[in-house]
Amino acid sequence: MTHLHLKPLSVEDLPYIVELDRTCFGQLWTEAGYQRELESPNSHLLGLFATDENGVSLVGLGCLWAILDEAHLTILAVLPPYRRQGLGRLLLQALLRSARQRGLERATLEVSTANCAARSLYEQFGFREAGRRQDYYPNGEDAAILWLSGIQNTVFLQKLEDWDRQLLHRLKQQGWQILKTC
């Protein structure tokens, strides 16, 4: 059984963060950029680590910025061999829980209009498109601007708890064991 450990990232994790970024995004952010995120009180950088017989490895990461009463989700990435297993969902749920704990009212993010898998995930959580940014990405793709309101709502909290139960059951069936969530 492989163990999953969800925890805030630290400076010691920088080489692994940069490598994951390079693999998933082709170097969206630099090491210095991630260093600033780790040092900023308005950022929450979360890592998903897998532990198996080969050791511990960073397999996913997520980042949010707390801006006034909004959570701006800036990064959500899972290494290709670990995709389509619910790990992106696990990270997203943890980020939304963090936003809720910080007292933030709503969440926003940009996602490539061509990234159907990511858009589907966000829409399952209630994110809705509010606009587009033309030629947002270096490859010329547009970004959809998505918003989710009501994070502090008790109905949303109940949904989050239900999603947690469902996802933990699914991950356990796939052979994952969650050691800690934050």
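Everything in this summary refers to the structure shown in the same document. Treat the numbers as computed from the prediction; the structure is a model and nothing was measured.

Things to note about the environment of E123
Here's step 1: Summarising the element assignment, E123 is placed in helix α4 (residues 116-124).
Here's step 2: Distance in space between the C-alpha atoms of E123 and R100 is 18 Å, their sequence separation being 23 residues.

A closer look at the nonpolar core
One broad trend across soluble globular proteins is that nonpolar side chains are buried collectively.
Here's step 1: With 56 residues, the main nonpolar core has L87, L96 and F127 as its most contacted residues.
Here's step 2: When residues in this core are grouped by element, the largest group, eight residues, is from helix α3 (residues 87-101).
Here's step 3: L96 has contacts with A107, F125, F127, L148, I151 and F156, leaving out every residue within four places of it along the chain.

Focus on the pairing of strand β2 (residues 43-52)
Look at any regular strand and the pattern is simple: side chains alternate between the two faces of the sheet.
Here's step 1: Judged by how many residues are buried, β2 sits mostly within the fold: eight of ten residues are covered.
Here's step 2: Two elements, strand β1 (residues 2-8) and β2, share six bridges in a ladder whose sense is antiparallel. When the bridges of β2 are listed, L6 appears paired with L48.
Here's step 3: Relative to strand β3 (residues 55-67), β2 is paired through ten bridges, and the arrangement is antiparallel. Within β3, the position partnered with G47 by the bridge is L61.
Here's step 4: In this structure, the hairpin formed by β2 and β3 is closed by a connection of two residues.

Here's the deal with the pairing of strand β4 (residues 70-78)
Here's step 1: Sheet analysis places β3 next to β4, joined by eight bridges and oriented antiparallel. In the sheet register, G60 faces β4, and the bridge partner there is V78.
Here's step 2: Here four bridges tie β4 to strand β5 (residues 106-112), and the two strands are oriented parallel to one another. Along β5, the bridge assignment pairs L73 with L109.

Quick look at the packing of α3 against helix α5 (residues 154-173)
Here's step 1: The contact between α3 and α5 brings their axes to 11 Å, and the two run at 150°. Taken together, α3 and α5 sit at an angle that is classed as roughly antiparallel. In this structure, α3 meets α5 at a crossing whose hand is left-handed. From α3, L87, R89, L90, Q93, L96, R97 and R100 reach across to α5, where they touch F156, L157, L160, W163, D164, L167 and L171.
Here's step 2: A per-class count over the contact of α3 with α5 returns nine nonpolar, one polar and four charged.

A look at the packing of aromatic side chains
Here's step 1: The final tally for this structure, using the stated rule, is seven aromatic pairs.
Here's step 2: An angle of 80° between the planes, with centres 6.0 Å apart, marks the rings of F156 and W163 as edge-to-face.
Here's step 3: Under the relative-accessibility criterion, F156 is labelled buried at 6%.
Here's step 4: Of the residues examined, W163 reaches a relative accessible area of 15% and is grouped as buried.
Here's step 5: Joined through ring pairs, the aromatic side chains of W29, Y34 and W65 make up one cluster.
Here's step 6: K7 extends its terminal NZ or CZ atom over the ring of F49, reaching a point 5.0 Å from the ring centre.

Describing α3
Here's step 1: End to end, α3 covers 21 Å across 15 residues, agreeing with the expected 21 Å (1.5 Å per residue, within 8%).
Here's step 2: Summarising burial for α3: 13 of the 15 residues are buried, a large majority.

Points about the environment of G88
Here's step 1: Mapped onto the elements of the fold, G88 is located in helix α3.
Here's step 2: Each C-alpha atom of the pair G88 and N54 lies 22 Å from the other, and the pair is 34 residues apart in sequence.
Here's step 3: Setting aside chain neighbours within four positions, we find G88 in contact with L76, V78 and L121.

Parameters and conventions
- Residues numbered from 1 in each chain as written.
- Predicted model: local features only at pLDDT ≥ 70, side-chain atom pairs only at ≥ 80, totals over all residues.
- Heavy atoms only, no water.
- Helix = DSSP H or I, 4+ residues; strand = E, 2+ residues; numbered from the N terminus.
- Core = buried A, V, L, I, M, F, W, Y, C linked by side-chain atoms within 4.5 Å.
- Buried < 20%, exposed > 50% of the residue type's maximum accessible area, 1.4 Å probe, protein only.
- Contact = heavy atoms within 4.5 Å.
- Pairing = 2+ DSSP bridges.
- Axes fitted to C-alpha atoms, helices over the stretch in contact; angles between N-to-C directions.
- Parallel < 35°, antiparallel > 145°, perpendicular 65-115°, else oblique.
- Left-handed = near helix turned anticlockwise from the far one by under 90°.
- Nonpolar A, V, L, I, M, F, W, Y, C, P; charged D, E, K, R; others polar.
- Phe/Tyr/Trp six-rings, centres within 6.5 Å; stacked < 30°, edge-to-face > 60°.
- Lys NZ or Arg CZ within 6 Å of the ring centre and 35° of its normal.
- Expected span 1.5 Å × (residues − 1).

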